[in-house]
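Secondary and tertiary structure notes
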Amino acid sequence: MKVIVDAQRCELHGECMVAAPEVFDIEDDADMVTVLNPEPDENMRAAVEEAALMCPVAAIRIED
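Everything quoted here is computed from the prediction, not taken from an experiment. Chains are numbered independently. Their residues run from 1 in the order of the written sequence. The model is predicted, so local features are restricted to residues of pLDDT at least 70 and side-chain atom pairs to those at 80 or more, both for listing and for counting; the totals for chains, interfaces and linings are taken over all residues. For side-chain calculations, the full set of non-hydrogen atoms in the structure is used, while hydrogens and water are omitted.

With respect to the overall build of the protein chain
Strands here mean DSSP runs of E at least two residues long; helices mean DSSP runs of H or I at least four residues long; both are numbered from the N terminus. The secondary structure content of the protein chain amounts to 2 helices and 4 strands. Put simply, the protein chain runs from its N terminus to its C terminus through helices and strands in the order β-α-β-β-α-β. With the C-alpha coordinates of the protein chain rotated into their principal frame, the extents come out at 30 × 20 × 15 Å. Using a 1.4 Å probe on the protein chains alone, a residue whose accessible area is under 20% of its type maximum counts as buried, one over 50% counts as exposed, and one in between counts as partly exposed. Taking all 64 residues of the protein chain together, 33% fall into the buried category. By definition in these notes, contact holds between two residues if any of their heavy atoms fall within 4.5 Å. In the protein chain, the share of contacts with a sequence separation of at least 24, taken over all contacts with a separation of at least 6, comes to 56%. Only the protein chains shown count as covering a residue, and every accessible area follows the Shrake-Rupley method with a 1.4 Å probe. Taken as a whole, the protein chain presents about 4,100 Å² of accessible surface, with 45% of it coming from carbon and sulfur. Residues counted as positive are Lys and Arg, residues counted as negative are Asp and Glu, and His and the chain ends are not counted. Charge placement uses NZ in Lys and CZ in Arg. For Asp and Glu, CG and CD serve respectively. Positive and negative side-chain charges in the protein chain, numbering 4 and 16 respectively, have mean positions lying 10 Å apart.

Written out as structure tokens, the structure reads:
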């Protein structure tokens with residue numbers, strides 16, 4: 001699984017950090033969320049999928 005964040009869409013709402021803090025973070029003065037782990041293990045799939053669903057601007061994409 002690969003996690004991709006669309007920089008054009010990300011508005012730093014932070015919902016992804018709530019759902020999957022091991023994968024997403026917002027650094028100080030950031031323009032978009034930071035993907036800490038762009039290829040998380042399968043055991044993180046549910047959390048990453050929840051993060052993608054919770055994103056109000058649909059900026060997160062998961063590729064298999």
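That shown, we press on.
Details of the pairing of strand β1 (residues 2-5)
Side chains Val3 and Val5 project from β1 onto a buried face, and the interleaved Lys2 and Ile4 project onto a face without burial. Pairing analysis gives 4 bridges linking β1 to strand β4 (residues 60-63), with the strands arranged antiparallel. Along β4, the bridge assignment pairs Val3 with Ile62. DSSP-based pairing: two strands are paired if at least 2 bridges between them are found.

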